[in-house]
Amino acid sequence: QKEVEQDPGPLSVPEGAIVSLNCTYSNSAFQYFMWYRQYSRKGPELLMYTYSSGNKEDGRFTAQVDKSSKYISLFIRDSQPSDSATYLCAISASGNTGKLIFGQGTTLQVKP
Amino acid sequence: GAVVSQHPSWVICKSGTSVKIECRSLDFQATTMFWYRQFPKQSLMLMATSNEGSKATYEQGVEKDKFLINHASLTLSTLTVTSAHPEDSSFYICSATPGQGGNEQFFGPGTRLTVL
């Protein structure tokens, strides 16, 4: 069993749609959760970082963590064509500056 | 925000040759740098963790004699792929974390390696 599972998609939505991206993880030792965005042939950039169950909002992005279910989500409101990218969830047992384990990534396309 | 650069951005080499990839933190001192490998349509897989002035820690299944990592200064880490083979063709990405007070891992833009 992989430590973190993510549906690779691809996911295609019309502009303005709400996008839901999800990951599950297997080990409760992972206490830190991140979402990264990666454009083609570029390095990942951090979108959201959280370590507690519940929701964290930043502009159009909301990260949700349910530790009891070992389930994390990223919601994008009012999606834009510029949001088209690959979204990677990452988990860590030692914080954002330690070893990260990435999901496979979900490729998102937002059509104008 | 903090910037991490990689050089070269892409490289093509012949099978059997060695290739060196540089990772630099441009505006902060990086106590720890990480090296990842990403195959097409796959996720980033951690290869090794390097701390300045000490030997790198390799993940299980990564050959330390093939992937040589040197973290000689607080702003530079290098990954050398020795005796490269076509199966080593991949996207290599480094990341760096600042020292005390830092709470984020900053990623470089990646290096595309193609071994012919």
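All figures in this text were calculated on a predicted structure; none of them were measured in a lab.

S.K.: Help me understand the state of the cysteines in this model?
M.R.: In protein structure, a disulfide is the covalent linkage between the sulfur atoms of two cysteines. Enumeration over the complete set of coordinates arrives at two disulfides over all chains. Across the disulfide from Cys23 of chain A sits Cys89 of chain A; the S-S distance is 2.0 Å. For the disulfide bridge between Cys23 of chain A and Cys89 of chain A, the dihedral angle about the S-S bond is near -100°, and by the sign convention the bridge is left-handed. Remark: Cys89 of chain A occurs in strand E9 (residues 85-92) and Cys23 of chain A occurs in strand E3 (residues 19-25); sequence separation between them is 66 residues. Cys89 of chain A matches Cys23 of chain A in its accessibility class, with the two residues each being buried. With no disulfide of its own, Cys13 of chain B lies closest to Cys94 of chain B among cysteine sulfurs, the gap being 18 Å. With a relative accessible area of 9%, Cys13 of chain B lands in the buried category.

S.K.: Would you take a moment to explain the sheet that holds strand E1 (residues 4-7) of chain B for this structure?
M.R.: By definition, the strands of a sheet pair up through backbone hydrogen bonds, in either a parallel or an antiparallel sense. Residues and elements named next belong to chain B. One open sheet accounts for four strands, arranged E1-E3-E8-E7; its pairing is antiparallel. Both edges of this open sheet fall to E1 and strand E7 (67-73), since each of them pairs with a single strand only. Averaged over neighbouring strand pairs, the angle between their axes works out to 15° when direction is ignored. Pairing analysis gives six bridges linking strand E3 (residues 19-25) to strand E8 (residues 76-81), with the strands arranged antiparallel. In the sheet register, Lys20 faces E8, and the bridge partner there is Thr80.

S.K.: It is not clear to me how unusual backbone geometry should be interpreted in this structure. Could you clarify?
M.R.: Across residues other than glycine, the phi torsion is negative in most instances, and most of the peptide bonds are trans. The peptide bond linking His7 of chain B to Pro8 of chain B adopts the cis configuration, its omega dihedral lying at 0°. Within the secondary structure, Pro8 of chain B sits in the loop between E1 and strand E2 (10-13). The backbone phi angle of Arg41 of chain A is positive, close to 65°, even though this residue is not glycine. Within the fold, Arg41 of chain A resides in the loop between strand E4 (32-38) and strand E5 (45-50).

S.K.: Help me out: how do you make sense of the packing of aromatic side chains in this one?
M.R.: Geometrically, a pair of aromatic rings is defined through the distance of the ring centres and the angle of the planes. Taken as a whole and assessed by the stated rule, the structure comprises twelve aromatic pairs over all chains. With a centroid separation of 5.7 Å and an interplanar angle of 85°, the aromatic rings of Phe102 of chain A and Tyr36 of chain B are classed as edge-to-face. One end of the pair, Phe102 of chain A, is in strand E10 (residues 101-102); the other, Tyr36 of chain B, is in strand E4 (residues 30-38), on a second chain. With a relative accessible area of 6%, Phe102 of chain A lands in the buried category. Here Tyr36 of chain B falls in the buried class, since its relative accessible area comes to 0%. Measuring from ring centre to ring centre gives 6.4 Å for Phe67 of chain B and Tyr92 of chain B, while their planes differ by 40°; the resulting arrangement is tilted. Here Phe67 of chain B, found in strand E7, pairs with Tyr92 of chain B, found in strand E9 (residues 90-98); they are 25 residues apart in sequence, far enough to count as distant. Across the pair, exposure class does not vary: Phe67 of chain B and Tyr92 of chain B are buried alike. Counting every residue linked through ring pairs, the aromatic cluster contains Tyr36 and Phe102 of chain A together with Phe34, Tyr36 and Phe107 of chain B. The residue whose ring lies beneath Lys66 of chain B is Phe67 of chain B, and the NZ or CZ to ring-centre distance is 6.0 Å.

The rules behind the values
Counting restarts for each chain, with residues numbered from 1 along the sequence as it is written. Written order determines the labels here, with chains lettered from A and ligands numbered from 1. Where local features are concerned, this predicted model is filtered to residues with pLDDT of at least 70; where side-chain atom pairs are given and counted, the filter is 80 or more; whole-chain, interface and lining totals use all residues. Heavy atoms throughout the structure, all of them, feed into the side-chain values; hydrogens and water do not. Criterion for a disulfide: a pair of cysteine sulfur atoms at a distance within 2.5 Å. Strands here are runs of E lasting at least two residues and helices are runs of H or I lasting at least four, both read from the DSSP assignment and numbered beginning at the N terminus. Burial classification: accessible surface area is computed with a 1.4 Å probe over protein chains only, and a residue below 20% of its type maximum counts as buried, one above 50% as exposed, and the rest as partly exposed. Pairs of strands are assigned from DSSP output, requiring at least two bridges between the strands. Fitted lines through C-alpha atoms give the axes, limited to the stretch in contact for helices. The angle between two N-to-C directions lies from 0 to 180 degrees. Pairing of aromatic rings covers Phe, Tyr and the six-membered ring of Trp, with a centre-to-centre limit of 6.5 Å; geometry is then stacked below 30 degrees between planes, edge-to-face above 60, and tilted otherwise. For a ring to carry a charge above it, either NZ of a lysine or CZ of an arginine must fall within 6 Å of the ring centroid while also lying within 35 degrees of the normal to the ring plane.

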